[in-house]
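Letter by letter, the chains look like this.
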Amino acid sequence: MSLSPASGIGRFYKHSAKIIRFARHGCTNRPFFHIVVMERRKNQHQPVIEQVGSYDPLPNVTNERLVALNTERIRYWLGKGAHMSDPVAELLGIAGLLPVHPHTYMTAWRNRKAAAEAAAAEAVKPAETA
Amino acid sequence: MLILRQLRKLNAAQRLQLGVDQTRRSLSDASLQYDKDPQPLFTDAETQRLLQSMTQLQLEKVFRKRTVEDNSTETKFMTTEQLEKEFVLTIEKAKKLLQMPPVVQIKKDTERIISKDPALKDFADSKYVFTDITFGLRPSDRKVVVRDVDGTLAYAPLETQKRMNQLYFPLVGRRSYTPRMFSEEQLLQRCLDDHKYEFILDRLTVQYEPYEAEFHNISAKVFTHLNESKQFDLLRSTRHFGPMAFFYAWHRCIDDLLYDMIRRDYLSNAVQLIALSYKIHNVPVEYGQTLSQLEALQPTPAERALEELLSCLKKPSEKGIEQEIQTAIGKTEQDFAADEISLKFIEQYIGSEHALKKVQLELAVQTLKEVNLEKLQLFKGLKKAHGVQAS
């Protein structure tokens, strides 16, 4: 798997379906994603039409996840009618570029619920032992 | 894995805390701060002219060998016309190398929230930082936004913005982490004690933006140390001389620099320094006339440098006897006239209440006067001996 330039070397048909999606470029146990534009039917490791960003899902030393977005080109491709994969749509929603994706709200609600349950269980446990 | 991550978070938090402590301490150490925005005064055309003139343009200092990988020189055959053109270009290049880093106010970090969404609380366990990597934006225009864990979307603080800019668009020479020279007090002190002022200031200019607090603190520290060690000549003809002179003028401690200028016989520079301090503090003394007189008598540093370059094209036989006398003495007739005007202005300053080290300055002026008188006598005598008409 060789790295193609950000301007892309992927060949594509004029009217084929394009998609903005992740392409995994990490190694084992260390994911790192490029946000790329490519033909929908193609495999993620094939040459891309254009790279429009990157996403590092592992928090860095200051506990941040870093995302780079080429907003100009993303807007261009969305205007051209490109599709978006769900993870990318979620990410753009979090970035404030698009409305927040419903799935993000679901995750947030589930996380809060799990935290509340864990807190409740913590509160019950000392009462039992006492 | 989880434990590791927790540990790392803890470490990061500690380090951040440490960083905050350090900046706070250095803030209290550096007592000399610009109390209001110095930028309008600094970028003013007259101030710039004064500072450039004070900086001087010594070509051998501007184009000295530097500690860089490539110090190679190119040798070419040229006609005289080509060489003259090349000289003009060289002066332009030197002017560019002497461009001063601006003196501006410290930029305050303001929190700018774009949206608050409580329904997004706990959507992830760490915040997201989004950087716009659109091609061709200026680093200051590049949007960096942060989505916090509680669902708030806001513009990133300046520190994060700088870090992201450096990560995605690295500047050559700027480090992602603070160089130890700037984070550890004793290392900076060692550099200062070795009088590596230019090295510190060069690196400071690369590492920090002029509106950052660290830039102000460290440069204030360097200038204060320099004022004590009095090695002003190390910064002469570098890009940091202007900001240094401006700093002293602003904080009313020009006397040591003034003494150095008088001792080295840069009298017009001394006048410019005094004029600058009058200008900054709105002292009701008329200095414009003296400055314009001096300007009429003496060429600008760039003109002087160009003249010096062009003079090496002439053969010794072409130079007149007058030229030879001037090079032997090191002064022209205009220089003597300019010195007289400057000395009058400087003595006026020493007599006023603005001068702090009066005795020292007076002595320096007295010594210089005697030397000048001797030179003038020699100049006149030589002229007479060679039969040159007094103009």
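Here is what the cut-offs are and how they apply
Residues numbered from 1 in each chain as written. Chains lettered and ligands numbered in written order. Predicted model: local features only at pLDDT ≥ 70, side-chain atom pairs only at ≥ 80, totals over all residues. Helix = DSSP H or I, 4+ residues; strand = E, 2+ residues; numbered from the N terminus. Rg over C-alpha atoms; globule rule 2.2 N^0.38 Å. Buried ≥ 20, exposed ≤ 12 C-beta atoms within 10 Å, placed from the backbone. Contact = placed C-beta atoms within 7 Å. Axes fitted to C-alpha atoms, helices over the stretch in contact; angles between N-to-C directions. Parallel < 35°, antiparallel > 145°, perpendicular 65-115°, else oblique. Left-handed = near helix turned anticlockwise from the far one by under 90°. Nonpolar A, V, L, I, M, F, W, Y, C, P; charged D, E, K, R; others polar. Core = buried A, V, L, I, M, F, W, Y, C linked by C-beta atoms within 7 Å. Pairing = 2+ DSSP bridges. Domains from an automatic or database assignment. pLDDT = per-residue confidence, 0-100.

Remarks on the overall build of chain A
On a plain count of helices and strands, chain A comes out with three helices and five strands. Starting at the N terminus, the α and β elements of chain A follow one another as β-β-β-β-α-β-α-α. In terms of C-alpha radius of gyration, chain A reaches 19 Å, well past the compact-globule figure of 14 Å for 130 residues. Along the first, second and third principal axes, the C-alpha set of chain A runs to 70 × 30 × 25 Å. Out of the 130 residues belonging to chain A, those deemed buried represent 27%. Contacts spanning at least 24 positions in sequence make up 41% of the contacts within chain A whose residues lie at least 6 apart.

Re the overall build of chain B
A tally of regular secondary structure across chain B gives 18 helices and four strands. Reported as C-alpha extents along the three principal axes, the dimensions of chain B are approximately 95 × 60 × 35 Å.

Re the packing of helix H9 (residues 197-207) of chain B against helix H10 (residues 213-229) of chain B
Residues and elements named next belong to chain B. Packing of H9 against H10 brings their axes to within 11 Å, and their N-to-C directions diverge by 170°. Judged on the interaxial angle alone, H10 and H9 are roughly antiparallel. Viewed along their axes, H9 and H10 form a crossing whose handedness is left-handed. Across the interface between the two elements, Tyr197, Ile200, Leu201 and Leu204 of H9 pack against Phe215, Ile218, Ser219, Val222 and Leu226 of H10. Its residues placed into classes, the contact of H9 with H10 shows eight nonpolar, one polar and no charged.

Some details on the nonpolar core
If you look at the biggest cluster of nonpolar residues, it comprises 49 residues, and the most contacted ones within it are Ala245(B), Ala270(B) and Leu273(B). Taken together, the elements giving at least two residues each to this core come down to helix H3 (45-55), H9, H10, helix H11 (241-250), helix H12 (255-263), helix H13 (267-280), helix H17 (333-351) and helix H18 (358-386) of chain B. For this core, the element with the highest residue contribution is H11(B), accounting for eight residues. With 35 residues, the next largest nonpolar core counts Tyr55(A), Leu69(A), Ile94(A) and Val145(B) among its residues.

A word on the interface of chain B and chain A
Tallying the contact residues gives 24 residues for chain B and 25 residues for chain A. Among the secondary structure elements, those contributing two or more residues to the side of chain B that touches chain A are helix H1 (2-29), strand S1 (113-116), strand S2 (127-132) and strand S3 (144-147) of chain B. When residues in the side of chain B that touches chain A are grouped by element, the largest group, six residues, is from S2(B). Split by residue class, the side of chain B that touches chain A holds twelve nonpolar, four polar and eight charged. Two strands pair when backbone bridges link them, and strand S4 (residues 64-69) of chain A and S2(B) are joined in this way by six bridges, in the parallel orientation. Bridged to Leu66(A) within S2(B) is Val129(B).

Details of the domain arrangement of chain A
As assigned here, chain A comprises domain 1 (1-98) and domain 2 (100-130). Each residue belonging to the side of domain 1 of chain A that touches domain 2 of chain A can be placed in one class, and the counts come to two nonpolar, one polar and two charged.

Side note on the sheet that holds strand S2 (residues 33-39) of chain A
With mixed pairing, the nine strands of this open sheet are ordered in space as S5(A)-S1(A)-S2(A)-S3(A)-S4(A)-S2(B)-S3(B)-S4(B)-S1(B). Strands with a single pairing partner mark the edges of an open sheet, and in this sheet they are strand S5 (83-84) of chain A together with S1 of chain B. Judged from the four bridges that link them, S2(B) and S3(B) form a sheet pairing that is antiparallel. Bridge assignment links Tyr128(B) to a residue of S3(B), and that residue is Arg147(B). Against the sheet, helix H2 (residues 86-95) of chain A touches strand S1 (18-24), S2, strand S3 (50-56), S4 and S5 of chain A together with S2 and S3 of chain B, its axis set at about 90° to S1(A).

Some words on the pairing of S2(A)
Residues and elements named next belong to chain A. Counting buried positions along S2 gives six out of seven residues, so the element sits mostly inside the fold. Pairing of S1 with S2, which is carried by seven bridges, proceeds in the antiparallel orientation. Note that in S2 the partner of Arg24 across the bridge is Phe33. Relative to S3, S2 runs antiparallel, the two being bridged by five bridges. The residue of S3 that forms the bridge with Ile35 is Gly53.

Digging into the environment of Ala355(B)
Residues and elements named next belong to chain B. Along the chain, the position of Ala355 falls in the loop between H17 and H18. Separated by 225 residues in the primary sequence, Ala355 and Phe130 place their C-alpha atoms 55 Å from one another. Excluding its chain neighbours within four sequence positions, the residues that come into contact with Ala355 are Asp255, Tyr349, Ile350 and Leu361.

Brief notes about the confidence of the model for chain B
Residues shown with low pLDDT carry predicted positions that ought not to be read at fine detail. Residue and element names in this part refer to chain B. The predicted model of chain B has a mean per-residue pLDDT of 88, with 91% of residues at 70 or higher. For the stretch residues 15-30, pLDDT sits under 50, and the model shows nine contacts to residues farther than four places along the chain or on other chains. Under the prediction, the complex receives an ipTM of 0.93, its pTM being 0.85.

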